[in-house]
Amino acid sequence: MKVLVTGAAGQLGWELMLKLLAADIAVIGIDRGELDFARPEHVAAGIADHRAEWVVNCGAYTQVDRAEEEPELAFRINRDSARAVAEGVKSYGGRLLQVSTDFIFDGGQSHPYREEDAANPLGVYGQSKWEGEQGVRAVLPEATILRTAWVYGEHGHNFVKTMLRLAAERDELTVVDDQIGTPAWTGDIADAILALIKGDHPGTWHFTNEGVASWYDFAQEIVIMARRLGYPIKARYVRPIPSADFPTPAARPAYSVLSKQKIRAMLGYDIPHWRQSLTAMLKALAAAGNK
Ligand SMILES: NC(=O)c1ccc[n+]([C@@H]2O[C@H](COP(=O)([O-])OP(=O)(O)OC[C@H]3O[C@@H](n4cnc5c(N)ncnc54)[C@H](OP(=O)(O)O)[C@@H]3O)[C@@H](O)[C@H]2O)c1
């Protein structure tokens, strides 16, 4: 099997490349330098050139707040190029796994979002990803769509790394406690992607780690665990604040826990709790000399 990973320099793409290589699967990684998703008119041909049995589309415009200022670019990358990737894959009869997001939901629910729940994005990023999903389904009804949330990994920029940096510099951190979701470690998402493509599972799937957290819960655990693992932590205190005290250009869902019921049954193993995977990530980061 040959797999083409887009967004290979990003958090998830990078980790997925490592997993595929470790599983002895032939893999090609491409990023903006090889194929620019800001120019969707070139994307279908650029994807088809590789004739990979599977394409995993991790390439995306992921800057949630900045998307409010440059919606045209976000839509070109997340909607038009996602559809163009599907067209490229369809042209030679390949298979596609498109990565999507919890931000397609409005957060009005108080129980975990299932795959069939109604989308209602609150901002440009979520809307562009939702329209990307719809374009992919229209072109390739048998595509696999994997929605995840609160992604972090050893490679790239994310909340965990930001908290580690701030906790090393400041006595106190303030973090919002009224947005509820579940973190997802790239190592675990990549395992789920591997299972989805090896088993050839079409349709929409949700995956994060197990458990529920606010960003405040997540930050507190990062600081506690990092201190325990010998990271240089100065912060003594993480203080919860309401989102109203930390205004951002893009509105975010207040609740975006994704139901894992469907994917749990397919995986056939226990998905790690987010605290367990956070510890694994912090240990891996430390082992790589990045404390
Ligand atoms: N991060 C999260 O919390 C989160 C949550 C839910 C779902 N997701 C989804 O998960 C997937 C992977 O996200 P991630 O966290 O790995 O994001 P990431 O680290 O920002 O990686 C995105 C990748 O897409 C590439 N990209 C951006 N603009 C491009 C362009 N014009 N042409 C080609 N490639 C371009 C980036 O390249 P550059 O480095 O050159 O910009 C980067 O390699 C995305 O579909 C995202 O929507 C992420």
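Look up a bit, the structure's there.
Residues numbered from 1 in each chain as written. Predicted model: local features only at pLDDT ≥ 70, side-chain atom pairs only at ≥ 80, totals over all residues. Heavy atoms only, no water.

**Considering the overall build of the chain**
Using the following cut-off: By the criteria applied, helices consist of DSSP H or I runs no shorter than four residues and strands consist of E runs no shorter than two, each listed in order from the N terminus. As defined in this context, the radius of gyration uses C-alpha atoms, and a globule is described by 2.2 Å times the residue total to the power 0.38. Three exposure classes are used, based on accessible area relative to the maximum for each residue type with a 1.4 Å probe and protein chains only: buried under 20%, partly exposed in between, and exposed over 50%. Here, two residues are considered to be in contact whenever any of their heavy atoms come within 4.5 Å of each other. Accessible areas in this description were obtained via Shrake-Rupley with a 1.4 Å probe; residue shielding takes into account the shown protein chains only. His is not counted, nor are the chain ends; Lys and Arg add positive charge and Asp and Glu add negative charge. Charge coordinates come from a single atom per side chain, which is NZ of Lys, CZ of Arg, CG of Asp or CD of Glu.
A count of helices and strands for the chain gives nine helices and 12 strands. Expected size for 291 residues packed as a compact globule is a radius of gyration near 19 Å; at 19 Å, the chain falls within 12% of this value. In terms of overall dimensions, the chain has a C-alpha envelope of 55 × 40 × 40 Å along the principal axes. Counting across all 291 residues of the chain, residues that qualify as buried make up 53%. Long-range pairs, those at least 24 residues apart, make up 81% of the contacts in the chain between residues at least 6 apart in sequence. Counting only carbon and sulfur atoms, one obtains 50% of the accessible surface of the chain, whose full area is about 12600 Å². Put simply, the chain has 31 plus and 37 minus side-chain charges, and the middle of one group is 4 Å from the middle of the other.

**Structural notes on the site of the ligand**
Selection rule: The criterion for a residue being near a molecule or strand is simple. One of its heavy atoms has to lie within 4 Å of it. Two N or O atoms form a polar contact when they lie within 3.5 Å of each other; inside protein one atom must be a possible hydrogen donor and the other a possible acceptor, and for residues adjacent in sequence the pair counts only when both atoms belong to side chains. When residues are sorted by character, Ala, Val, Leu, Ile, Met, Phe, Trp, Tyr, Cys and Pro go into the nonpolar class, Asp, Glu, Lys and Arg into the charged class, and all the rest, Gly among them, into the polar class.
Contacts to the ligand come from 25 residues, most closely from Asp31, Arg32, Thr62, Tyr125 and Lys129. At 2.9 Å, a backbone N or O of glutamine 11 approaches an oxygen atom of the ligand. Here the ligand has 890 Å² of accessible area as a free molecule, and 82% of this is covered by the chains. Mapped onto the shell around the ligand, the elements with two or more residues apiece are helix H1 (11-22), strand E4 (95-101) and helix H4 (124-139). Element by element, the count of residues in the shell around the ligand is highest for E4, at three residues. In terms of residue class, the shell around the ligand is built from 13 nonpolar, eight polar and four charged.

**A few points about unusual backbone geometry**
Even without being glycine, aspartate 24 reaches a positive phi, approximately 65 degrees. Positionally, aspartate 24 belongs in the loop between H1 and strand E2 (26-30). Phi at arginine 51 is positive, roughly 45 degrees, even though this residue is not glycine. With respect to the helices and strands, arginine 51 occurs in the loop between helix H2 (43-48) and strand E3 (54-57).

**Observations regarding empty space enclosed by the protein**
Note the threshold: Grid points spaced at 1 Å and placed over the protein atoms alone form the basis of the search, with a cavity being a set where a 1.4 Å probe fits but cannot get out and a pocket an open set showing protein on both sides within 12 Å along at least five of seven lines. Lining residues have an atom within 4 Å of a point. Grid points are joined across faces, edges and corners, and a volume is the space filled by probe spheres set on the points.
Overall, the coordinates contain one cavity of 30 Å³ or more when judged by the stated rule. Here the largest cavity is characterised by a volume of approximately 50 Å³. Across the lining of the largest cavity, the residue classes break down as nine nonpolar, two polar and one charged.

**What to know about the sheet that holds E2**
The condition that has to hold: The rule for pairing is simple: two strands pair if DSSP sees at least two bridges between them. For helices, the axis comes from a line fit to the C-alpha atoms of the stretch in contact; other axes are also lines fit to C-alpha atoms, and the angle between any two N-to-C directions lies between 0 and 180 degrees.
Ordered in space as E2-E1-E3-E4-E5-E10, the six strands form an open sheet in which the pairing is parallel. Every other strand in the sheet has two partners, leaving E2 and strand E10 (203-206) as the edge strands with one partner each. Pairwise comparison of adjacent strand axes, ignoring direction, gives a mean angle of 20 degrees for this sheet. Where E3 meets E4, four bridges bridge the pair, whose relative direction is parallel. Opposite valine 56, over in E4, you have leucine 97 as the bridge partner.

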